Amino acid sequence: MSWIYNPEGDRTKRKRPANLKDFPKGPDGKPLGPQTPGSAPGSPWAGFPLRDDYPQVDDPADPSRKVSTKQANRPFLAYAQYRAEREKAHADWLQRKKEREEKLARGEEVGPEEPDPTEEREVGCLGLLKFILYATLFFVLAGKFFTGSFLWEMELPSVRQFIPTNQRLFSENTLAQFDGTDPEKPVYIAIDGDVYDVSSNRATYGPGGSYHMMAGRDAARAYGTGCFKTHLTHDLRGLSESEMKGVQHWKKFYAESKKYPKVGRVSHPPIDPASPYPEHCDPKKAQAALERERKANEEGAAKGANREEL
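Parameters and conventions
Here the residue index of a chain counts from 1 through its sequence in written order. Reporting of local features is limited, given that this is a predicted model, to residues whose pLDDT is at least 70; pairs of side-chain atoms are given and counted only at 80 or more, and all residues count toward the totals for whole chains, interfaces and linings. Just so you know, side-chain values use all the structure's heavy atoms and leave hydrogens and water out. We treat two strands as partners when DSSP finds at least two bridges between them. Starting at the N terminus, helices and strands are each numbered in turn, a helix being any DSSP run of H or I of at least four residues and a strand any DSSP run of E of at least two. Among the buried residues, those of types Ala, Val, Leu, Ile, Met, Phe, Trp, Tyr and Cys that are joined through side-chain atoms within 4.5 Å form a nonpolar core. When accessible area is computed with a 1.4 Å probe and restricted to protein chains, residues below 20% of their type maximum are described as buried, those above 50% as exposed, and intermediate ones as partly exposed. Two residues form a contact once any of their heavy atoms are found within 4.5 Å. Whenever Lys or Arg places a side-chain nitrogen within 4 Å of a carboxyl oxygen from Asp or Glu, that contact is recorded as a salt bridge. Working definition: a disulfide is two cysteine sulfur atoms within 2.5 Å of each other. Values of pLDDT, the confidence the predictor places in each residue, fall between 0 and 100.

Undergrad: For this particular structure, what's the right way to read the pairing of strand 6 (residues 262–267)?
TA: Each regular strand carries side chains that alternate between the two faces of the sheet. Where strand 3 (residues 168–171) meets strand 6, four bridges bridge the pair, whose relative direction is parallel. By the bridge assignment, serine 171 is partnered in strand 6 with serine 267. Looking at chain direction, strand 5 (residues 194–197) and strand 6 are connected through three bridges and run antiparallel. Paired with aspartate 194 across the bridge in strand 6 is arginine 265.

Structure (structure tokens):
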């Protein structure tokens, strides 16, 4: 299989010049080295002829001389050949263009103008748009193939968050000023930190209305428990699963309502985790809430003990 490694055949190997002297050797056969001025041999490369058996071609840079086609010269020769072919193609195109112009001057019919085959094409806006389209198509199809979702199981962001708004951050005292008692101010309510303008239904949320107790405050807990007298607070600790679903239901209702626009958020002071849960207005549910609070305290104490052991 030597032809695979050397397809051009075996080449003549360089031989050691016969007149090359050896270093003087001692009785043990080891060379003594250049002990005297006349004992050192000459350079071994002086006797080696620099043979180059590769075919020679004209030098593209200087046609008056020849260059070898050895491996080191081949990239240069290939590029020179490519440039020569491009120049010839351009010259032929110029000739065809000239002949076409002459036919047009004589009034003869000619075909469409031929573009220069050697002209470097630039990527225009149309090419860029095509690339973006193909890349997007590949992205969504790959997502469908690998994850079963065109968007790779990602959710599109809500457009609302990119629309500039005039929403503001309220303190609890500032929010309390918008409880409907001042007819010159709008009526605001809050649920789990989100503040909404309910002025369009002032008869319900204003003074004398059935939900006036919700105005000017964050009464998120009351939305889940129904205790509109004792649970007018944002404290959601200890709620049952069904009560939390009630809070989430009303949060979704106001968030999706076109009648009550969101105007900002309210900032609450932190709640002391050691403080007791608000007492439920229903005795049975109050007992269940106390049981949940007891379990939560026990779990908290167990976690604290585990941290100390670690």
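Undergrad: Just checking my understanding: could you explain the nonpolar core for this structure?
TA: Across soluble globular proteins, nonpolar side chains have a tendency to be buried as a group. Within the largest apolar cluster, 17 residues are counted, with the highest numbers of intra-cluster contacts made by Ile189, Val198, Tyr205 and Tyr254. Within the residue set of this core, elements represented by two or more residues are strand 4 (188–191), helix 6 (220–225) and helix 7 (241–256). If you tally residues by element for this core, the top one is helix 6, at three residues. If we ignore the near neighbours within four places in the chain, the residues touching tyrosine 254 are Ile189, Ile191, Tyr196, Val198, Tyr205, Tyr223 and Tyr260. One finds Phe178, Tyr188, Val263 and Val266 within the second-largest nonpolar core, a separate group that totals eight residues.

Undergrad: Before we go on, may I ask you to explain unusual backbone geometry in this structure?
TA: Peptide bonds are trans in most cases, and residues, glycine excluded, mostly fall at negative phi. Even without glycine at this site, tryptophan 152 takes up a positive phi of about 60°. Looking at the element boundaries, tryptophan 152 is found in the loop between helix 3 (125–147) and strand 3. The partly exposed category is assigned to tryptophan 152, whose relative accessible area is 31%. The backbone phi angle of glutamate 153 is positive, close to 60°, even though this residue is not glycine. Residue position: glutamate 153 is located in the loop between helix 3 and strand 3.

Undergrad: Sorry, what's going on with the pattern of salt bridges here?
TA: Here the idea is simple: oppositely charged side chains can pair when their charged atoms come close. By the definition in use, this model includes 10 salt bridges. Close ionic contact of aspartate 194 with lysine 262 constitutes a salt bridge, the shortest N to O distance being 3.2 Å. Of this pair, aspartate 194 sits in strand 5 while lysine 262 sits in strand 6, placing them 68 residues apart in sequence. The class of aspartate 194 is buried, set by a relative accessible area of 13%. Bridged by salt links that share partners, the residues Asp194, Lys262 and Arg265 form one connected network.

Undergrad: Looking at this structure, how should I read the state of the cysteines?
TA: Each disulfide is one covalent bond, formed between the sulfur atoms of two cysteines. Enumeration over the complete set of coordinates arrives at one disulfide. What pairs with cysteine 227 in a disulfide is cysteine 281, and their sulfur atoms sit 2.0 Å apart. Given an S-S torsion of about -75°, the disulfide between cysteine 227 and cysteine 281 has left-handed geometry. One end of the pair, cysteine 227, is in the loop between helix 6 and helix 7; the other, cysteine 281, is in the loop between strand 6 and helix 8 (283–309), and 54 residues separate them in sequence. Take cysteine 227: its relative accessible area is 2%, and that puts it in the buried class. Exposure remark for cysteine 281: the relative accessible area of 46% places this residue in the partly exposed category.

Undergrad: What should I look at first to understand the confidence of the model for the chain in this one?
TA: For residues with low pLDDT, the predicted coordinates do not support detailed interpretation. Per-residue confidence for the chain gives a mean pLDDT of 81; residues scoring 70 or more make up 78%. Considering each helix and strand of the chain separately, the mean pLDDT is smallest for helix 1 (residues 2–5), with a value of 52, and largest for strand 4, with 96. Counted against residues more than four places away or in other chains, residues 35–40, with its pLDDT under 50, gives four contacts. Predicted confidence is poor over residues 45–49, with pLDDT under 50, and the contacts of this stretch with residues over four places away or in other chains come to six contacts.

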